[in-house]
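# Survey of secondary and tertiary structure
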Amino acid sequence: MENDQNYKQHKKQKKDKKVNGEEGKKRNKNFSEEEVFALIEFIKEPENGKALFSAAKHSSGKVEKRKTACWGRAAKYVRATSQAPTERTGEEMRTKWSNLKTNALRYEDFTNKTGGGPPFKGNILVCQKVLEVCAHQTKHGITSQHRGESDPFGFDGPQVNINMKSIILCCHHNQELA
């Protein structure tokens, strides 16, 4: 019952704002294909990619400032190269890149599946361009330098080999002890 009253109160406040001429946050226009390609080109440049995605060698506050400034430069670059510029913020650029990367990884996953199912929904050309820019680690995870095996913990020490025969023998031995 309390939730119902809160909902009614919220609706009344929203209606009052409309009556008084106040509006909520306005939604920006969708990114044009031209803006998307401009963002990809900006990130493709080595100095920008390094500033945005390289490993931190100092405090996270400094890294965050560096990245925020670079995303701001991305917004200016996209605005400057666009035929019909839209005011975009660095945060919008960051969010758009994250969404582009997620969609591109879905596309890559989709292409690795065997037939059947509906066709991929999305711009295939944009996905391919994003995948060209993405670091190897983004697409395939962190791989070990030793044998190309997946090493999610970044362990650089000697590799431990455990084969199935060892596991089966260990399990069998534990069953005998029980």
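Structure: above.
Thresholds, definitions, all that
- Residues numbered from 1 in each chain as written.
- Predicted model: local features only at pLDDT ≥ 70, side-chain atom pairs only at ≥ 80, totals over all residues.
- Heavy atoms only, no water.
- Salt bridge = Lys/Arg side-chain N within 4 Å of Asp/Glu carboxyl O.
- Helix = DSSP H or I, 4+ residues; strand = E, 2+ residues; numbered from the N terminus.
- Buried < 20%, exposed > 50% of the residue type's maximum accessible area, 1.4 Å probe, protein only.

Attention now goes to the pattern of salt bridges. Within the structure shown, the criterion is met by 7 salt bridges. One salt bridge connects E35 with R88, and the closest N-O pair in it is separated by 3.1 Å. With E35 in helix α2 (residues 33-44) and R88 in the loop between α4 (60-81) and α5 (90-111), this residue pair connects regions lying 53 residues apart in the sequence. Across the pair, R88 and E35 agree in class, each one buried. In this structure, E64 and R94 form a salt bridge, with 3.1 Å as the shortest nitrogen-oxygen distance. In this pair, E64 is assigned in helix α4 and R94 in helix α5, connecting sequence segments 30 residues apart. According to the relative accessible area criterion, R94 is partly exposed, its value standing at 24%. A cluster of three or more residues bridged by salt bridges with shared partners is formed by E41, K44 and E132.

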